[in-house]
Amino acid sequence: GHYRTSSWKPGEIVLDVHHLAIPGDAPPGIYQLEVGLYLLATMSRLPATDSAGEPLPDGAALLGAVKVGGAAHEP
């Protein structure tokens, strides 16, 4: 959270931990978790590419899925 993107080096892996709070009244289901970077001055999402250099749709990188609700014994 305190390492400016302007200081990042190509190929560098930057760890940035965030906690995801799910509201108690969130509808059950599978939710896709995406991440993107934004230009602070305008809050517009910056373009991003995958590891092959192909543009990501809407500049969003898919991190995975989160399951909300359901029985506690379900995987």
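Quick note: structure is the one above.
Quick caveat: nothing in here was measured; it's all calculated off a predicted structure. (Residues numbered from 1 in each chain as written. Predicted model: local features only at pLDDT ≥ 70, side-chain atom pairs only at ≥ 80, totals over all residues. Heavy atoms only, no water.)

Overview of the layout of surface pockets
Vacant regions in the atomic arrangement are exposed by a probe of water-molecule size rolled over the atoms.
Point 1. Of the voids in this model, the largest pocket is the one considered here, and its volume is about 1400 Å³.
Point 2. Contributing to the lining of the largest pocket are 32 residues, with Thr5, Trp8, Val35, Gly36 and Leu37 lying nearest its centre.
Point 3. Elements with a minimum of two residues in the lining of the largest pocket: strand 1 (29-35), strand 2 (38-39) and strand 4 (61-68).
Point 4. Of the residues forming the lining of the largest pocket, the biggest block, three residues, is contributed by strand 1. (1 Å grid on protein atoms, 1.4 Å probe; cavity = no way out; pocket = protein on both sides within 12 Å on 5 of 7 lines; lining within 4 Å. Points joined across faces, edges and corners; volume = space filled by probe spheres on them. Helix = DSSP H or I, 4+ residues; strand = E, 2+ residues; numbered from the N terminus.)

A word on unusual backbone geometry
Point 1. In this structure, methionine 43 takes a positive phi of about 60° despite not being glycine.
Point 2. The class for methionine 43 is exposed, based on a relative accessible area of 52%.
Point 3. Not every positive phi belongs to a glycine, and aspartate 58 is a case in point at roughly 60°. (Buried < 20%, exposed > 50% of the residue type's maximum accessible area, 1.4 Å probe, protein only.)

Describing the environment of tyrosine 3
Point 1. Within the element layout of this structure, tyrosine 3 appears in the segment before strand 1.
Point 2. It is 15 Å that separates the C-alpha atoms of tyrosine 3 and leucine 39, two residues lying 36 residues apart in sequence.
Point 3. Ignoring any residue separated from it by four or fewer positions in sequence, one finds tyrosine 3 in contact with Trp8, Glu12 and Val14. (Contact = heavy atoms within 4.5 Å.)

Description of a nonpolar patch on the surface
Point 1. Nonpolar side chains collect at one region of the surface, where Tyr3, Trp8, Leu37, Leu39 and Leu46 lie side by side and expose about 430 Å² of accessible area between them.
Point 2. By the element assignment, leucine 37 lies in the loop between strand 1 and strand 2.
Point 3. Its relative accessible area of 43% is what places leucine 37 among the partly exposed residues. (Patch = residues over 30% accessible without salt bridge, like charges linked within 9 Å, V, L, I, M, F, W, Y side chains within 5 Å. Areas by Shrake-Rupley, 256 points an atom, 1.4 Å probe, with all protein chains shown as cover. Salt bridge = Lys/Arg side-chain N within 4 Å of Asp/Glu carboxyl O.)

Here's the deal with the environment of alanine 65
Point 1. Structurally, the position occupied by alanine 65 is in strand 4.
Point 2. Expressed as a C-alpha distance, the spacing of alanine 65 and glutamine 32, which sit 33 residues apart in the sequence, is 4.4 Å.

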